[in-house]
Amino acid sequence: MLQISNRVFIYPHELEFNAIRAQGSGGQNVNKVSSAIHLRFDIKTSSLPEFYKERLLAYRDQRITKEGVIVIKAQNSRDQERNKEDAKQRLLELIQAATVVEKARRATKPTRSSQRKRVDKKTQRGQIKKNRGKVDY
């Protein structure tokens, strides 16, 4: 089981692993060994609570398809088991990132002194620019 929080788990039967050939260089071994992993996780049919499902489906990430399936490709390691663990870890990080509730921003007003300082600096700067004109004798 993949533990997301104290009470939320993803069961192994909900994860679909496909072994594929890795991209990139690797010599003669790359053409005969399928060590890369495609992890597919269907959000809509999973046992996740509704809050998690809604947040994941609304999350803007290229790994989430229009149909609500998360597809993660892991090919960092030459070992298939390590790639599986890497894919699971990346799925966990994606779910946790999508379900972080950000603190609402409260608009604040600038203080009177900061407003006064800003206007004073503007007039001072304008005075400097005004003095750059032609000099009359």
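Above this text is the structure in question.
Here's what I pulled together on the structure shown here. Small disclaimer: the values here were computed from a predicted structure and weren't measured. (Residues numbered from 1 in each chain as written. Predicted model: local features only at pLDDT ≥ 70, side-chain atom pairs only at ≥ 80, totals over all residues. Heavy atoms only, no water.)

### Some thoughts on the packing of helix H1 (residues 50-58) against helix H2 (residues 80-98)
Relative placement of two packed helices is described by the angle separating their axes and the distance separating the axes.
1) Next: It is the contact of H1 with H2, at a shortest axis distance of 9 Å, that shows an interaxial angle of 95°. The angle between H1 and H2 falls in the class roughly perpendicular. On the side of H1, the interface is formed by Tyr52, Arg55 and Leu56, while H2 contributes Leu94, Ile95 and Ala98.
2) Next: Of the residues belonging to the contact of H1 with H2, the class tally is 5 nonpolar, no polar and 1 charged. (Axes fitted to C-alpha atoms, helices over the stretch in contact; angles between N-to-C directions. Helix = DSSP H or I, 4+ residues; strand = E, 2+ residues; numbered from the N terminus. Parallel < 35°, antiparallel > 145°, perpendicular 65-115°, else oblique. Contact = heavy atoms within 4.5 Å. Nonpolar A, V, L, I, M, F, W, Y, C, P; charged D, E, K, R; others polar.)

### Considering the nonpolar core
Nonpolar side chains in soluble globular proteins generally cluster together in the buried interior.
1) Next: In this structure, Ile4, Ile10, Phe41, Leu48, Ile70 and Leu91 are the most contacted members of the largest nonpolar core, which totals 21 residues.
2) Next: Broken down by secondary-structure element, the contributors of at least two residues to this core are strand E4 (36-42), H1, strand E5 (69-74) and H2.
3) Next: Ranked by residue count, the leading element in this core is H2, at 6 residues.
4) Next: In contact with leucine 48, not counting residues within four places along its chain, are Ile4, Val8, Phe9, Ile10, Phe41, Lys53 and Leu56. (Core = buried A, V, L, I, M, F, W, Y, C linked by side-chain atoms within 4.5 Å. Buried < 20%, exposed > 50% of the residue type's maximum accessible area, 1.4 Å probe, protein only.)

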